[in-house]
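# Understanding the architecture of this molecule
Chain residues, written in single-letter form:
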Amino acid sequence: MSMRRIVLALVAIVAFAITGKAQSNSDRLSLGVGCLYQNGLDFTLSYEHEGKYHHAWEFFANGYIKWAECASCKHICPESFWKNYRSYGFGVAYKPCVVRGRNHYGNVRIGASAGSDTRRFLGGIHLGYEHNYVLRGGWQLFCQVKTDLMIKGEDLFRTGIVLGVKLPLN
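Residues numbered from 1 in each chain as written. Predicted model: local features only at pLDDT ≥ 70, side-chain atom pairs only at ≥ 80, totals over all residues. Heavy atoms only, no water.

The name an unreviewed UniProt entry gives the protein is DUF3575 domain-containing protein, with Butyricimonas virosa as the organism.

### Here we look at the pairing of strand β4 (residues 85-95)
Note the threshold: Accessible area is worked out with a 1.4 Å probe on protein chains only. A residue is then buried under 20% of its type maximum, exposed over 50%, and partly exposed in between. Helix and strand definitions here come from DSSP, where helices need a minimum of 4 consecutive H or I residues and strands a minimum of 2 consecutive E residues; each element is numbered from the N-terminal end. A pair of strands is treated as paired once DSSP finds two or more bridges between them.
Only one face of β4 is buried, namely the one carrying Tyr85, Ser87, Gly89, Gly91, Ala93 and Lys95, since none of Arg86, Tyr88, Phe90, Val92 and Tyr94 on the opposite face is buried. Pairing between strand β3 (residues 56-66) and β4: 11 bridges, direction antiparallel. Across the sheet, Ile65 pairs through a bridge with Arg86, a residue of β4. Taken together, the seven bridges between β4 and strand β6 (residues 104-116) define a ladder with antiparallel strand orientation. Paired with Gly91 across the bridge in β6 is Ser113.

### Description of the side chain of Glu130
Just so we agree on the cut-off: Two N or O atoms count as a polar contact when they lie within 3.5 Å, although within protein this holds only if one can serve as hydrogen donor and the other as acceptor, and sequence-adjacent residues are included solely when both atoms are side-chain atoms. Contacts are residue-level and defined by heavy atoms, with any inter-residue pair within 4.5 Å sufficient.
Summarising the element assignment, Glu130 is placed in strand β7 (residues 121-134). Here the side chain of Glu130 touches Gln144 through a polar contact of 2.9 Å, side chain to side chain. Once you skip the residues sitting within four places of it in the chain, Glu130 turns out to touch Glu48, Glu58, Lys95, Tyr105, Gly106, Asn107, Phe142, Cys143, Gln144 and Lys166.

Structure, rendered in structure tokens:
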């Protein structure tokens, strides 16, 4: 190996070490949107604090819309989409890491929430799996398979897939 290649390799390693940033003890803001069974649309805005080994705590606000077919026109119109059934909640989830790879990792998501459907109080228990793909600059894309058990809600079980992005805060 020539001296030129060794020097270039050392420069690349030093440049990567200077610009690289450890994932431990980092904070992120995330936004996720997904479809849930049956006829549900889910929006989640959350703050995530990651500890060692990609274990994380998530504090979230969640909105849910369930659409239905309109009785008069027999289609899904704006009235039957936006005003059929809506709920919101605020909660916390613990996410222990169960899978690690070079640029990806997976967490089990276990949490609870409290909120309302504009008529009565709702409680929720949240279970799922989230897989994260790390991009340059600390950005992340995630795919989440979620199951929610909603206490006193119109839907007892909600299950589906959420896709989203996480932005680094520090």
